[in-house]
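What follows is the residue order along each chain.
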Amino acid sequence: MAKTNPGRFFEDYRIGEVITHAVPRTVSGGERALYHALYPSRHALYSSDAFAQECGLDGAPIDDLAAFHVVFGKTVPDVSLNAVANLGYAEGRWLRPVWPGDTLRAESQVIGLKQNSNGKSGVVYVKTTGFNQDDDPVLEYIRWVMVRKGDLDAPAPDTLVPDLKPVVPADELVIPEGLDFSRYEFKLAGERHRLGDYAVGETIDHVDGVTIEEAEHMMATRLWQNTAKVHFDATNREDGKRLIYGGHVISMARALSFNGLANAQMIVGLNAGAHANPCFAGDTLRAWSEVLEVADTPAPGVGAIRLRLVATKGGIQDFALKGEDGKYLPHVLLDLDYWALMPT
Amino acid sequence: MAKTNPGRFFEDYRIGEVITHAVPRTVSGGERALYHALYPSRHALYSSDAFAQECGLDGAPIDDLAAFHVVFGKTVPDVSLNAVANLGYAEGRWLRPVWPGDTLRAESQVIGLKQNSNGKSGVVYVKTTGFNQDDDPVLEYIRWVMVRKGDLDAPAPDTLVPDLKPVVPADELVIPEGLDFSRYEFKLAGERHRLGDYAVGETIDHVDGVTIEEAEHMMATRLWQNTAKVHFDATNREDGKRLIYGGHVISMARALSFNGLANAQMIVGLNAGAHANPCFAGDTLRAWSEVLEVADTPAPGVGAIRLRLVATKGGIQDFALKGEDGKYLPHVLLDLDYWALMPT
Amino acid sequence: MAKTNPGRFFEDYRIGEVITHAVPRTVSGGERALYHALYPSRHALYSSDAFAQECGLDGAPIDDLAAFHVVFGKTVPDVSLNAVANLGYAEGRWLRPVWPGDTLRAESQVIGLKQNSNGKSGVVYVKTTGFNQDDDPVLEYIRWVMVRKGDLDAPAPDTLVPDLKPVVPADELVIPEGLDFSRYEFKLAGERHRLGDYAVGETIDHVDGVTIEEAEHMMATRLWQNTAKVHFDATNREDGKRLIYGGHVISMARALSFNGLANAQMIVGLNAGAHANPCFAGDTLRAWSEVLEVADTPAPGVGAIRLRLVATKGGIQDFALKGEDGKYLPHVLLDLDYWALMPT
């Protein structure tokens, strides 16, 4: 009996099946410090217990995307070890803050399957939920990946493509209990712009750039216990390059967006996301954002802002995103659509 | 309205003005572990709760220079984003230990302004204070930087150059409450030399060298939320190099100085400092120290030692510091004058 | 009086002498997070407080090898600063889990001396014990190193070569108090294989590879306060390479062995170990294991498995270990013999 994990192939998934992912993980101030060393993160709510307490929370939670990466990392051995491509995200919602000391685990339910016409692979849709040690859900999202078949003769499953919302409606976003921005300290947060200062359609060049190093993306990816070999093993590709985990690009771009969106404090929804082109060490990453929508929330002083976050290499090139053929331009690495909470 | 921070220009500062810096930061064992992974730090008082308790403290504080970097980092977006050069430090004092769990914030008061004769820039003097969550000051220092003018037609301000002490007098150093070196365990600290074993004028070659990597200085600099782009963006300079944050050199040199100054436990005063030449990845950093002064303190068994700490690349070259022209030699990176507490 | 530590030479050791090592170190969630960022560690018992509590512990301890490295690092300035080679390990036992908040210190007793026939060096055998803040031993092991003589005219000591057990007998392994694998959750641990699924003589290719970076091994080595210059100073060797701390290879290989040995949860014994060839940045490290022995323990559901862990560069090459001359093949970096606890 082979002892190592070969990963699952397309024919190994069944609609409705619930996969319990290994390995649960307790997070602490250590994970927070590392997150802030790996990314230029400065959102005050995740940096300062005192600031978070002024906003009605018990203290500073673990960064929103750090919680996402911890949950995502657990799914890799069961969902994407034999994946050809990570195709998309939808209906992501942050349901509860993650605190230092919490232990996170994850489950995924298979909600869609569609074999490709070439018979060699198929698309698997999973709904993943992260839980804390009290079995309270902290995060949920749908993702779909293209997975190779192990046995090309395995019969194609009935096709089921789930009906996905293009955007999480603002009134379905979950606001952390107690959150109150009525005493929000803009000076300490780093910028004076509130929700009303942002216009739908407005674009923001976040100015700064970061040149990516191998040691950093590997440390980040390991921190989430994402062990996909393509990120670590320089002998794995013919060109000797290590592909950078897409989540590293997401976190770097989000951190760069502080400069212009310092008050987009908490990510609470993930509407869509595409890893448009691969990222490698040596690339200099930049970011721009577009305001897509604004909305009210029931919490005092708390609004919601829907943003497109684009990461690029080789400059932001006038906010260009796609070519005439409808495909992402080669300098675009990431196109992410998310909701964040911002003082009104 | 532009959303990103353009930084302040010389004409934007007013004498007496107090700048509240973003972003407050809660520190934990995570920041300590990272500090000890990024630098070969071994001073026992910052490494061991048990050792610190034997010295009368509640536990091991966050390293002295880590506290300095956290406070310094907050000032960068308001003080040095458009700086041409970081010119000097004076009158620095550590006022209170920083403990894991503390939240630090910073304020700076403008205490001096002097436009340069070319009319294109000027020198700004600020006194920066770091506070904890109880609004107790933990650290203060004066620094002056040369800042570009944004509007060359802006009128020159009245010149005010503050009267700075060349050295913090020993009797103005603040000894942490309860500190007591009368039961100091030299074996656990790593060396047997006490204050009386050091002679004024004595020089110490700290022997060890560290070759600097990009990933490390960027992680360190982000950890302090210092986001000056010159440290991160390899496309920012014509030569494709990333300038290393001067504080990284300070911390590396201080950590190397353990070998010969293991009992120079706590930095409590910063008298002066010059970043003599730039440091880049690939440089092999070494350090030497010169004993400048020794003094008593009122605390039991606690003396003060004033040290010159010099960081070099390309060997220490017989303790050479400046050429015949009075300028720093090209291999000298740092010349720092500080006070530390040492058992008598 | 020279202030820096020249290290000890062969003639400086006396049989029976006990060396108190500097510097005690308090560990926290910060060290754990860094360990999990530097190595692809996923053993559930060290990752999750909840999982560890289900196994009868108070929470997740600090990783077994992290505790080893902290203790080992302290011995370097006193034992191996002038070492020519680290020759072997024996009789290693983990005696008590290390918890976040514990402060570790170390002592070594000289238990053997043998001058080499060339008169220029000799072998020093030490038994090292790590203690926590309550003076309880947490770890002990014997190691022997070849150390240069400082004074070639110093007389040779009487030869004493200690009688070392080739393997720690299974009934001398210390099982952590309360450990109980009867409710062990295999799904959360990541694999379904229990002790009975492993056959003596079975070999496991752990599949994954990691290409090593300078920044990572230096951060790891500093984290253990191991300051041997050969790991940090690129000017120290003629070829400009930095030798990677052997413990970095041990931890990387052990973490890679998760894939196939996810349930080999806690290392409790170290029988032998050889650093067969040097490792440098750029090497792609892989690992394989061989099952050497299985045993019962008195704890409920807890068995012991004795494993050979081999790290290689340039592929695992069909589990080849030594050539016809009895010497390790050039691609073999590490050959480690240890005991781990596994659910029965």
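Here is what the cut-offs are and how they apply
Each chain has its residues counted from 1, running along the sequence as written. Chains carry letters from A onward and ligands carry numbers from 1 onward, assigned in written order. Where local features are concerned, this predicted model is filtered to residues with pLDDT of at least 70; where side-chain atom pairs are given and counted, the filter is 80 or more; whole-chain, interface and lining totals use all residues. Each side-chain value is derived from all of the structure's non-hydrogen atoms; neither hydrogens nor water enter the calculation. A run of H or I in DSSP becomes a helix once it reaches four residues, and a run of E becomes a strand once it reaches two; helices and strands are each numbered from the N terminus. The contact definition used throughout considers only heavy atoms, calling two residues in contact when any of these lie within 4.5 Å. Throughout, the Shrake-Rupley method with a 1.4 Å probe supplies accessible areas, and for residues the shown protein chains are the sole cover considered. Asp and Glu count as negative and Lys and Arg as positive, but His and the ends of the chain are not part of the count. Where a charge sits is defined by one atom per residue type, namely NZ (Lys), CZ (Arg), CG (Asp) or CD (Glu). Superposing the copies works by least squares over the C-alpha atoms of residues that have pLDDT at least 70 in both of them. Whenever two N or O atoms come within 3.5 Å, that pair is a polar contact, provided that in protein one can donate a hydrogen and the other can accept it, and provided that, for residues adjacent in sequence, both atoms are side-chain atoms. The set of buried Ala, Val, Leu, Ile, Met, Phe, Trp, Tyr and Cys residues whose side-chain atoms join them within 4.5 Å is what this entry labels a nonpolar core. Accessibility here uses a 1.4 Å probe with only protein chains present; expressed as a share of the type maximum, an area under 20% marks a residue as buried, one over 50% as exposed, and anything in between as partly exposed. Buried area: the sum, over both parts, of the accessible surface (1.4 Å probe) that disappears when the two are put together. One side-chain nitrogen of Lys or Arg within 4 Å of one carboxyl oxygen of Asp or Glu is enough to make a salt bridge. In the scheme used here, Gly and all other residues not listed as nonpolar or charged are polar, with Ala, Val, Leu, Ile, Met, Phe, Trp, Tyr, Cys and Pro taken as nonpolar and Asp, Glu, Lys and Arg as charged. For a helix, the expected span equals 1.5 Å multiplied by the number of residues minus one. Fitting axes to the seven residues that end at a residue and to the seven that start at it, the angle between those axes gives the bend at that residue. At least two bridges found by DSSP between two strands is the condition for calling them paired. Between the rings of Phe, Tyr and Trp (Trp by its six-membered ring), a pair exists once the centres lie within 6.5 Å; its type follows the angle of the planes, with under 30 degrees stacked, over 60 edge-to-face, and the other angles tilted. Under this scheme, a helix contributes an axis fitted over its contacting stretch, all axes are lines through C-alpha atoms, and angles between N-to-C directions fall in the 0 to 180 degree range. Comment on the angle field: the value is read as roughly parallel under 35 degrees, roughly antiparallel over 145, roughly perpendicular from 65 to 115, and oblique elsewhere. Two helices crossing with the near one rotated counterclockwise from the far one by less than a right angle form a left-handed crossing, whereas a clockwise rotation gives a right-handed crossing.

If you check an unreviewed UniProt entry, chain A appears there as Mesaconyl-CoA hydratase from Maritimibacter harenae.

Along the backbone of chain A there are eight helices and eleven strands. When its C-alpha atoms are laid out on the principal axes, chain A stretches across 60 × 45 × 35 Å. Residue pairs at least 24 apart in sequence account for 78% of intrachain contacts in chain A once pairs closer than 6 positions are excluded. Working note: accessible area of chain A is about 11,700 Å², and carbon and sulfur atoms make up 48% of it. The average position of the 33 basic charges and that of the 46 acidic charges among the side chains of chain A differ by 4 Å.

Right, let's get into the relation of the copies chain C and chain A. Least-squares fitting of chain C to chain A yields an RMSD of 0.0 Å, with the transformation described by 0.0 Å of translation along the axis and a rotation of 120°. On this basis, the relationship between the two copies can be described by a three-fold rotation axis. The C-alpha atom lying nearest the rotation axis in chain C is that of glycine 30 of chain C; the distance is 2.2 Å. A low fraction, 9%, of the interface residues of chain C reappear at the interface in chain A, so the copies pair through non-equivalent surfaces.

Note on the copies: chain B fits chain A at an RMSD of 0.0 Å, the axial shift is 0.0 Å, and the rotation between them is 120°. Counting the interface residues of chain B, we find that no more than 12% of their copies in chain A are interface residues as well, pointing to two distinct contact surfaces.

Right, let's get into the environment of glutamine 317 of chain A. Following the sequence through the fold, glutamine 317 of chain A ends up in the loop between strand 10 (302–313) and strand 11 (332–343). A polar contact of 3.2 Å, which involves the side chain of glutamine 317 of chain A, links it to the backbone oxygen of glycine 314 of chain A.

Turning our eyes to something else, we now look at the nonpolar core. Within the largest apolar cluster, 186 residues are counted, with the highest numbers of intra-cluster contacts made by Leu34 and Leu285 of chain A, Leu34 and Leu285 of chain B together with Leu34 and Leu285 of chain C. When near neighbours in sequence (up to four residues on either side) are disregarded, leucine 34 of chain C contacts Leu34 and Met219 of chain A, Ala33, Leu34 and Ala37 of chain B together with Met219 and Leu223 of chain C.

Chain C puts 46 residues into the contact, and the matching count from chain A is 32 residues. Where chain C abuts chain A, roughly 3,100 Å² becomes buried across the two surfaces, and 57% of that area is made up of carbon and sulfur atoms. Of all residues in chain C, the largest losses of buried area upon contact with chain A belong to Ala37, Arg42 and Leu188 of chain C, amounting jointly to 21% of the total for that side. On the surface where chain C and chain A come into contact, there are four salt bridges. Ionic pairing is found between glutamate 213 of chain C and arginine 242 of chain A, a salt bridge with its closest N-O pair at 2.7 Å. The tally of links from chain C across to chain A stands at 19 residue pairs in polar contact (both at pLDDT 80 or more). With seven residues, the single largest contributor to the side of chain C that touches chain A is helix 1 (residues 29–38) of chain C. When grouped by side-chain class, the residues that make up the side of chain C that touches chain A number 19 nonpolar, 15 polar and twelve charged.

Here we take up the pattern of salt bridges. Inspection of every chain in the model, using the stated rule, returns 63 salt bridges over all chains. For arginine 222 of chain B, the salt bridge goes to glutamate 216 of chain A, with nearest N and O atoms at 3.3 Å. Of this pair, arginine 222 of chain B sits in helix 6 (residues 214–223) while glutamate 216 of chain A is found in helix 6 (residues 214–223), placing the two residues in two different chains. Taking relative accessible area as the criterion, arginine 222 of chain B reaches 1% and is therefore assigned buried. A residue is classified by how much of its surface remains accessible, and glutamate 216 of chain A, at 0% relative accessible area, is buried. For arginine 32 of chain C, the salt bridge identified is with aspartate 49 of chain C, shortest N-O distance 3.9 Å.

Taken residue by residue, the interface counts 32 residues in chain B and 46 residues in chain A. Here chain B meets chain A over a buried area of about 3,100 Å², counting both sides, of which 57% is carbon and sulfur. Linking chain B with chain A are four salt bridges, by the criterion used here. Counting every contact that joins chain B to chain A gives 19 residue pairs in polar contact (both at pLDDT 80 or more). For the side of chain B that touches chain A, the secondary structure elements donating two or more residues are strand 1 (18–26), helix 1 (29–38) and helix 6 of chain B. No other element matches the seven residues that strand 1 of chain B contributes to the side of chain B that touches chain A. For the side of chain B that touches chain A, the class distribution of residues is 13 nonpolar, eleven polar and eight charged.

All names here are of chain B. With 17 residues, helix 4 (residues 64–80) extends 22 Å from end C-alpha to end C-alpha; this agrees with the ideal 24 Å at 1.5 Å per step. Of all the bends in helix 4, the greatest reaches close to 35° and is centred on lysine 74; the proline proline 77 follows between one and four positions later. Of all 17 residues that make up helix 4, 17 are buried, and the element is covered over most of its length.

Residue and element names in this part refer to chain B. Of all twelve residues in strand 10 (residues 302–313), ten are buried, a share of seventy percent or more. Where strand 9 (residues 284–296) lies against strand 10, eleven bridges are found, and the strand directions are antiparallel. Bridging from a neighbouring strand, arginine 286 pairs with threonine 312 of strand 10. The turn joining strand 9 and strand 10, which pair antiparallel and follow one another in sequence, is formed by five residues; a positive phi near 75° is taken by glycine 301.

Here we take up the environment of asparagine 236 of chain C. All names here are of chain C. Mapped onto the secondary structure, asparagine 236 falls in the loop between helix 6 (214–223) and helix 7 (246–256). Asparagine 236 sits in the partly exposed class, given a relative accessible area of 37%. As a C-alpha pair, asparagine 236 and leucine 45 span 191 residues in sequence and 40 Å in three-dimensional space.

Quick look at the pairing of strand 2 (residues 83–94) of chain C now. Residue and element names in this part refer to chain C. The pairing of strand 2 with strand 5 (residues 137–148) spans eight bridges and is classified as antiparallel. Bridge pairing links tyrosine 89 to arginine 143 in strand 5. Note: strand 2 against strand 8 (residues 266–275), two bridges, orientation antiparallel. Each residue of the ladder has a partner; that of glycine 92, found in strand 8, is leucine 270.

This paragraph deals with the packing of aromatic side chains. Residues and elements named next belong to chain A. Under the defined criterion, the tally for this structure stands at 37 aromatic pairs over all chains. An angle of 65° between the planes, with centres 4.8 Å apart, marks the rings of tyrosine 184 and phenylalanine 186 as edge-to-face. Per residue, the accessibility class of tyrosine 184 equals that of phenylalanine 186, and both read buried. Each residue in the set Phe68, Phe72, Tyr89, Trp94, Tyr141 and Tyr245 is aromatic and connected to the rest through ring pairs, giving one cluster.

Residues and elements named next belong to chain B. Summarising burial for helix 6: ten of the ten residues are buried, a large majority. What helix 6 keeps buried is the set Glu214, Ala215, Glu216, His217, Met218, Met219, Ala220, Thr221, Arg222 and Leu223. Of the residues trailing helix 6, glutamine 225 is marked for its positive phi of about 55°.

In the contact formed by helix 1 of chain B and helix 6 of chain C, the axes pass within 7 Å of each other and the chain directions differ by 115°. Judged by the inter-axis angle, helix 1 of chain B sits roughly perpendicular to helix 6 of chain C. Seen along the crossing, helix 1 of chain B lies across helix 6 of chain C with a hand that is right-handed. Seen from helix 1 of chain B, the contacting residues are Ala33, Leu34, His36, Ala37 and Leu38 of chain B; seen from helix 6 of chain C, they are Met218, Met219, Arg222 and Leu223 of chain C.

This part covers the environment of valine 71 of chain A. All names here are of chain A. Along the chain, valine 71 falls in helix 4 (residues 64–80). Placed 244 residues apart in sequence, valine 71 and glycine 315 show a C-alpha to C-alpha distance of 31 Å. Apart from residues no more than four positions distant in its own chain, valine 71 is found in contact with Ala106, Thr128, Thr129, Gly130, Leu139 and Tyr141.

Of the consecutive residues alanine 22 of chain A and valine 23 of chain A, the connecting peptide bond is found in the cis state with omega at -5°. Within the element layout of this structure, valine 23 of chain A appears in strand 1 (residues 18–26). One non-glycine residue, phenylalanine 319 of chain A, adopts positive backbone phi at about 65°. As for its placement among the helices and strands, phenylalanine 319 of chain A is situated in the loop between strand 10 and strand 11. Judged by its relative accessible area of 27%, phenylalanine 319 of chain A falls in the partly exposed class. The phi angle at glutamine 225 of chain B is positive, at roughly 55°, despite the residue not being glycine. Within the element layout of this structure, glutamine 225 of chain B appears in the loop between helix 6 and helix 7 (246–256).

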